[in-house]
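Chain by chain, the residues:
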Amino acid sequence: MKTVDLKKIRKAMEKQQDAKRYEHTLGVAYTATALAMKYGVSLKDAQLAGLLHDCAKCLSDKKKLSICEKHGLPVSEVEMRNPFLLHAKVGGFLARKEYLVQDEDIINAILYHTTGRPDMSTIEKIIFIADYIEPGRKEAPNLTQLRQMAFEDLDSTLIGILKDTLAYLEKKGGEMDPMTRNTYEYYCKESKEV
Ligand code: FE
Ligand code: FE
């Protein structure tokens, strides 16, 4: 099995992303690594998933759509109207094909980093959360509290982030991926059952 060289991936991201996005990428990678220490998952996997999670973010909408078309990735109507939503799906595809990631857990962490999904693995949760709380983020409400909470309990942090995300998207009035609400409802229900 070919092993992925983290340094090479980091260099590739530096080249491919604009400066602001690359800063964010590094922020997610080291936040994810710190969370991996706390929750006992592979530090290397967390770093790799963090580095690659936005690997398709700097591609044009046209490019993202053409990759989907060329490789038979399904595009929903919501995504067709809002191609920026596609960066996670295209990112997961590129992670596999271009950056030779074989671990499904890492691929899933990239695929679901914007919406989450019901029943996520620890690494999926870590990337979703790290994307939201990395030190470069400044605008979201409750960041101080969520950053602390992330190192205490992943599921309640997820619920907090999803709740704020839904409120933000509703206020903005744009279209959203229905998966965000599904994930929120799943984890709310789950937390009541414990
Ligand atoms: Fe993203
Ligand atoms: Fe991101």
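Residues numbered from 1 in each chain as written. Chains lettered and ligands numbered in written order. Predicted model: local features only at pLDDT ≥ 70, side-chain atom pairs only at ≥ 80, totals over all residues. Heavy atoms only, no water.

Regarding the coordination of the iron ion (ligand 2)
- Binding of the iron ion (ligand 2) to the protein goes through H24 (NE2), H53 (NE2), D54 (OD) and D131 (OD), at separations of 2.2 Å.
- Every donor residue of the iron ion (ligand 2) comes from the same chain, spaced as H-x28-H-D-x76-D.
- In this structure, the iron ion (ligand 2) is positioned 3.3 Å from the iron ion (ligand 1), and both are ligated by D54. Residue H53 is found in the loop between α3 (43-52) and α4 (61-71), and its partner D131 is found in helix α8 (residues 122-133); the two are separated by 78 residues along the sequence. Per residue, the accessibility class of H53 equals that of D131, and both read buried. (Donors = N, O, S within 2.8 Å, 3.2 Å for Na, K, Ca; no water. Helix = DSSP H or I, 4+ residues; strand = E, 2+ residues; numbered from the N terminus. Buried < 20%, exposed > 50% of the residue type's maximum accessible area, 1.4 Å probe, protein only.)

Some remarks on the packing of helix α1 (residues 6-16) against α3
- As a packed pair, α1 and α3 sit with axes 10 Å apart at the nearest point and diverge in direction by 15°. As the angle between them shows, α1 and α3 are arranged roughly parallel. When you trace α1 past α3, the crossing you get is left-handed. Between α1 and α3, the residues in contact are L6, I9, R10 and M13 and K44, Q47, L48, L51 and L52, respectively.
- Of the residues belonging to the contact of α1 with α3, the class tally is 6 nonpolar, 1 polar and 2 charged. (Axes fitted to C-alpha atoms, helices over the stretch in contact; angles between N-to-C directions. Parallel < 35°, antiparallel > 145°, perpendicular 65-115°, else oblique. Left-handed = near helix turned anticlockwise from the far one by under 90°. Contact = heavy atoms within 4.5 Å. Nonpolar A, V, L, I, M, F, W, Y, C, P; charged D, E, K, R; others polar.)

A word on unusual backbone geometry
- Of note in this structure, L100 is not a glycine but carries a positive phi near 55°.
- Topologically, L100 is positioned in the loop between α6 (87-97) and α7 (104-111).
- Backbone geometry places N142, a non-glycine residue, at a positive phi of 60°.
- Secondary-structure assignment places N142 in the loop between α8 and α9 (143-150).
- A relative accessible area of 39% means that N142 is categorised as partly exposed.

What about the environment of N82?
- Its location among the elements puts N82 in the loop between α5 (77-81) and α6.
- Of the residues examined, N82 reaches a relative accessible area of 15% and is grouped as buried.
- Of note is the side chain of N82, whose polar atom sits 2.9 Å from the backbone oxygen of V78. (Polar contact = N/O pair within 3.5 Å; in protein donor to acceptor, adjacent residues only side chain to side chain.)

Looking at the side chain of D131
- Since its relative accessible area comes to 9%, D131 is described here as buried.
- Among the polar contacts listed, one links the side chain of D131 to the side chain of H24, at a separation of 2.8 Å.
- Each residue touching D131, except ones within four places of it in the same chain, is listed here: H24, V28, H53, D54, H113 and R137.

Some remarks on the pattern of salt bridges
- For the structure shown, the criterion picks out 11 salt bridges.
- We note a salt bridge from R81 to E175, for which the minimum N-O separation is 2.6 Å. Of the two residues, R81 sits in helix α5 while E175 sits in the loop between α10 (154-172) and α11 (178-193), which places them 94 residues apart along the sequence.
- Judged by relative accessible area, which is 33%, E175 ranks as partly exposed.
- Note that R117 and E124 form a salt bridge whose closest N and O atoms lie 2.9 Å from each other.
- With a relative accessible area of 21%, R117 lands in the partly exposed category.
- The exposure class of E124 is buried, given its relative accessible area of 3%. (Salt bridge = Lys/Arg side-chain N within 4 Å of Asp/Glu carboxyl O.)

What to know about the coordination of the iron ion (ligand 1)
- Surrounding the iron ion (ligand 1) are the protein donor atoms D54 (OD), H87 (NE2) and H113 (NE2), which sit 2.1 to 2.2 Å from the metal.
- Summarised as a motif, the one-chain spacing of the donors to the iron ion (ligand 1) is D-x32-H-x25-H.

Let's talk about the packing of aromatic side chains
- Under the defined criterion, the tally for this structure stands at 1 aromatic pair.
- Relative to Y187, the ring of Y186 has its centre 4.9 Å away and its plane inclined at 80°; by these criteria the two rings are edge-to-face.
- Residue classification places Y187 among the buried residues on the basis of a relative accessible area of 2%. (Phe/Tyr/Trp six-rings, centres within 6.5 Å; stacked < 30°, edge-to-face > 60°.)

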